[in-house]
Amino acid sequence: MQARGLRSAIAVAAVAVMAAGAAGCAASDREEGGEGTASGGTFVFAGAGDPKNFDPIFNDDGESFRPVRQMFETLVTHKPGTADVVGGLAESWEHDAAGKVWTFKLRKDVKFHDGTPFNAAAVCYNFDRWYNMKGAAAQSQMLYYQDVFGGFATNEAESAGKSIYEKCEAKDDGTAVVSLNVYKGAFPGAFALTSLSIASPEALKKYDADKVTQSGDSFEYSAFANTNPVGTGPFTFGGWDKAKNEITLNRYADYWGDKAKVDKVIIKVIKDETTRKQELRAGTVQGIDFPAPADRKALETEGFQVLNRPAFNILYLGINQKNNPKLADLRVRQAIAYALNREQLVQTKAPGGSSVASQFMPDTVLGYAPDAQKYEFNPEKAKQLLKDAGAEGLTLNFYYPPDVSRPYMPNPQEIFTVLANDLQGVGIKVNGVPRPWNGGFKDDVQQFGKHDLHILGWTGDYNDPGNFVGTFFGRAKAEFGDEKLTDMFAAITAADATVDEAGKKAAWEQVNRDIASKWLPAIPIWHAPPAIVVTKDVKGLVASPLTAEEFNTVTVSAS
């Protein structure tokens, strides 16, 4: 059968970009198609940060996924402009009554970019590669895999748990069967994760893809990950010119589906938001992501197309309970929650349409609990809780990334400044620690747990509570130093394993109530609709609530 119906599609309009007004136009060597629409040419898009590498399994952030999802594909995917699960490399799929055995019927006549065939053996090679991955360094970089499958054949990373993966069998070229040890609510949505894209087995072997080494706080990746990624997607890898900060993707002529309409995509990494806008106005790029909230109206007035995605995300203040023993006291974490004037933060720093978050997932997701405890701004109560806990005069190291914009975090510097001022208002001394996004902040926070506080967030990958709450708090993480919250892990595991829809809803609602009142491992801040902006001559781009835009549908008309 086709996929189980995703409980509810996110209310989102699939926005086909239409021409409007006057805007800049990047030069391209395109040829004219019909009705003023170009075929061929180059689409230049400004990325907001460096990718880590191009091997899907070792990535977990949007700036890495932006080029990766143009080159790689997953067994299932999402209908453009929605979170509805549809066929990807698999035309159809079904599961047994227990939800533990998943049978995929694969598309025919699909080839990897290196000319080797895509088939069931290739699918199983990828699943087995992930499960059998060796080395603590490599395993530690597979965050999505661990969140979904738990662990490995032999766990070497401290963060790995018990694996739910059993085996993958290639029944014939067109049939792959993935077996799990237990039911997990993440599926089939999790099969659409970009991290779980299917790569060419021959290229993985040829370029030693599993080789990941760690030196101090730095990780080094293989030739596959850095210079030879090979998938089945509509674009092939054309190179990463680090001197020019440009990633080039070339149209894949033998793509099985609708072929890319432009010959080339260039993702130009421009970390500064103001510079991205300047280049858009100068016509040197044709699209940018995450414009400052205050600039959206002006860009529309100037004739650019500003596409607001639904707020399918969360920004949170993370609390690491491990370094400062005071943070292991629930009263101190509650004091931090009461100290933050999140309503004012939303009004002054968030884009229009944002809302204060009381839980770690939007209210459109199954299991949202309207009656969960809320923390209104109350500095006097915060001071009293700190006094009761013997935590007056607390000093905390607050990590933040100043060099990146994310869908849930358009300006980290500004957000840090406001939150730090709120904390100082109740007597907490804050040491701000700015760190670069990749190769700094993420590793310090997520791998090494160096911080006391940090700001980070998440855009949903699929519409399931496990993709939000389960990802954050389903197992112990260095990010939260929450090893002692074993009741929380058990409750989330039980909710995720509940097959009955009504029972699943009730279980997740209770998890959300308990997170707010009993565990509070972090503070939810806001849900914010991120925007993507393109010039008037760009057509065919479909804004995604998952910020998972694909560029093969884009055309660039003559200017």
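Residues numbered from 1 in each chain as written. Predicted model: local features only at pLDDT ≥ 70, side-chain atom pairs only at ≥ 80, totals over all residues. Heavy atoms only, no water.

Topic: the overall build of the protein
- On a plain count of helices and strands, the protein comes out with 16 helices and 25 strands.
- For a compact globule of 559 residues, the expected C-alpha radius of gyration is about 24 Å, and the protein comes in at 23 Å, within 12% of that figure.
- Expressed along its principal axes, the backbone C-alpha trace of the protein runs to roughly 70 × 55 × 45 Å.
- For the protein, buried positions account for 60% of its 559 residues.
- Across the protein, the fraction of contacts at a sequence separation of at least 24, relative to all contacts at a separation of at least 6, is 70%.
- With 59 positive and 69 negative side-chain charges, the protein shows a separation of 2 Å between the mean positions of the two kinds. (Helix = DSSP H or I, 4+ residues; strand = E, 2+ residues; numbered from the N terminus. Rg over C-alpha atoms; globule rule 2.2 N^0.38 Å. Buried < 20%, exposed > 50% of the residue type's maximum accessible area, 1.4 Å probe, protein only. Contact = heavy atoms within 4.5 Å. Lys, Arg positive; Asp, Glu negative; His and termini not counted. Charge placed at Lys NZ, Arg CZ, Asp CG, Glu CD.)

A short note on the packing of aromatic side chains
- A full pass over the atoms with the stated rule returns 37 aromatic pairs.
- Geometrically, the ring pair formed by Phe 58 and Tyr 221 is tilted, given 6.0 Å between the ring centres and 40 degrees between the ring planes. Of this pair, Phe 58 sits in the loop between strand 3 (42–47) and helix 1 (62–71) while Tyr 221 sits in the loop between strand 11 (218–220) and helix 6 (223–226), placing them 163 residues apart in sequence. In this structure, Phe 58 and Tyr 221 share a single accessibility class: buried.
- Within the aromatic cluster, the residues linked to one another by ring pairs are Trp 102, Phe 104, Phe 127, Trp 130, Tyr 131, Tyr 145, Phe 149, Phe 152, Tyr 165, Phe 187 and Phe 191.
- A cation sits over an aromatic face here: Lys 442 above Trp 437, 5.9 Å from the ring centre. (Phe/Tyr/Trp six-rings, centres within 6.5 Å; stacked < 30°, edge-to-face > 60°. Lys NZ or Arg CZ within 6 Å of the ring centre and 35° of its normal.)

Section: the pairing of strand 23 (residues 531–534)
- Where burial is concerned, the two faces of strand 23 agree: the one with Ala 531 and Val 533 and the one with Ile 532 and Val 534 are both buried.
- Bridge analysis of strand 15 (residues 287–289) against strand 23 gives 3 bridges, and the strand direction is antiparallel. Note that in strand 23 the partner of Gly 287 across the bridge is Val 534.
- Here strand 16 (residues 305–308) pairs with strand 23 via 4 bridges, running antiparallel. Bridge assignment links Gln 305 to a residue of strand 23, and that residue is Val 534. (Pairing = 2+ DSSP bridges.)

A closer look at the nonpolar core
- Among the nonpolar cores identified, the biggest contains 156 residues, and Phe 104, Phe 127, Phe 149, Leu 317, Ile 336, Ile 455 and Phe 473 are the most heavily contacted of them.
- If you tally residues by element for this core, the top one is helix 2 (residues 120–131), at 7 residues.
- By size, the runner-up hydrophobic cluster in this structure holds 12 residues, among which are Val 285, Ile 288, Ala 531 and Val 533. (Core = buried A, V, L, I, M, F, W, Y, C linked by side-chain atoms within 4.5 Å.)

Some details on the sheet that holds strand 8 (residues 165–172)
- Read across the sheet, 4 strands follow the order 6-7-9-8 without closing on themselves; strand pairing throughout is antiparallel. Both edges of this open sheet fall to strand 6 (90–95) and strand 8, since each of them pairs with a single strand only. Each adjacent strand pair in this sheet contributes to an overall mean axis angle of 20 degrees, direction not counted.
- Direction of pairing for strand 6 relative to strand 7 (residues 101–106): antiparallel, over a ladder of 5 bridges. (Axes fitted to C-alpha atoms, helices over the stretch in contact; angles between N-to-C directions.)

What about helix 14 (residues 465–473)?
- In terms of residue burial, helix 14 counts as a mostly covered element, since 9 of its 9 residues are buried.
- Turning to helix 14, its buried residues are Pro 465, Gly 466, Asn 467, Phe 468, Val 469, Gly 470, Thr 471, Phe 472 and Phe 473.
- If you follow the buried residues of helix 14, they end up packed against helix 4 (143–149), strand 17 (313–319), strand 21 (453–459), helix 15 (486–496), helix 16 (501–519) and strand 22 (522–527).

Concerning unusual backbone geometry
- In this chain, Phe 187 is followed by Pro 188 through a cis amide linkage whose omega measures 10 degrees.
- With respect to the helices and strands, Pro 188 occurs in the loop between strand 9 (175–180) and helix 5 (201–206).
- Its identity is not glycine, yet Asp 109 carries a phi of approximately 60 degrees, on the positive side.
- Its place among the elements puts Asp 109 in the loop between strand 7 and helix 2.
- Overall, the relative accessible area of 74% leaves Asp 109 in the exposed class.
- Non-glycine residue Phe 290 carries a positive phi angle of around 55 degrees.

Side note on the packing of helix 9 (residues 330–339) against helix 11 (residues 379–388)
- Where helix 9 meets helix 11, the closest approach of the two axes is 8 Å, and the angle between their N-to-C directions is 165 degrees. When the axis of helix 9 is compared with that of helix 11, the two are roughly antiparallel. Our pair here, helix 9 against helix 11, has a crossing hand that is left-handed. In this structure, helix 9 uses Arg 331, Val 332, Gln 334, Ala 335, Tyr 338 and Ala 339 to contact helix 11, whose residues at the interface are Pro 379, Lys 381, Ala 382, Leu 385, Leu 386 and Asp 388. (Parallel < 35°, antiparallel > 145°, perpendicular 65-115°, else oblique. Left-handed = near helix turned anticlockwise from the far one by under 90°.)

A closer look at helix 7 (residues 273–282)
- Taken together, the buried positions of helix 7 are Glu 273, Arg 276, Lys 277, Glu 279 and Leu 280. Mapping the buried residues of helix 7 onto a view down its axis gives an arc of 165 degrees, with all of them on the same face.
- Those residues of helix 7 that are buried are in contact with strand 3, strand 14 (264–269), strand 15, helix 8 (296–301) and strand 23.
- The N-cap residue of helix 7 is Asp 272: its side-chain oxygen and the backbone nitrogen of Thr 274 are 3.3 Å apart.
- Gly 283 occupies a position one or two residues after helix 7 and carries a positive phi of about 85 degrees. (Arc of directions from axis to C-beta. Polar contact = N/O pair within 3.5 Å; in protein donor to acceptor, adjacent residues only side chain to side chain.)

As for the confidence of the model for the protein
- Here the protein averages 90 in pLDDT, while 93% of its residues score no lower than 70.
- Within the model, pLDDT remains below 50 along residues 1–38, and this stretch shows 113 contacts once partners closer than five positions in the same chain are excluded. (pLDDT = per-residue confidence, 0-100.)

Quick notes on the pairing of strand 20 (residues 429–434)
- Relative to strand 20, strand 19 (residues 395–400) is paired through 6 bridges, and the arrangement is parallel. The residue of strand 20 that forms the bridge with Tyr 399 is Val 433.
- You can see the chain leave strand 19, run along helix 12 (residues 412–425) and come back into strand 20, and the turn it takes is right-handed. (Right-handed = clockwise from strand over helix to strand, strands pointing away.)

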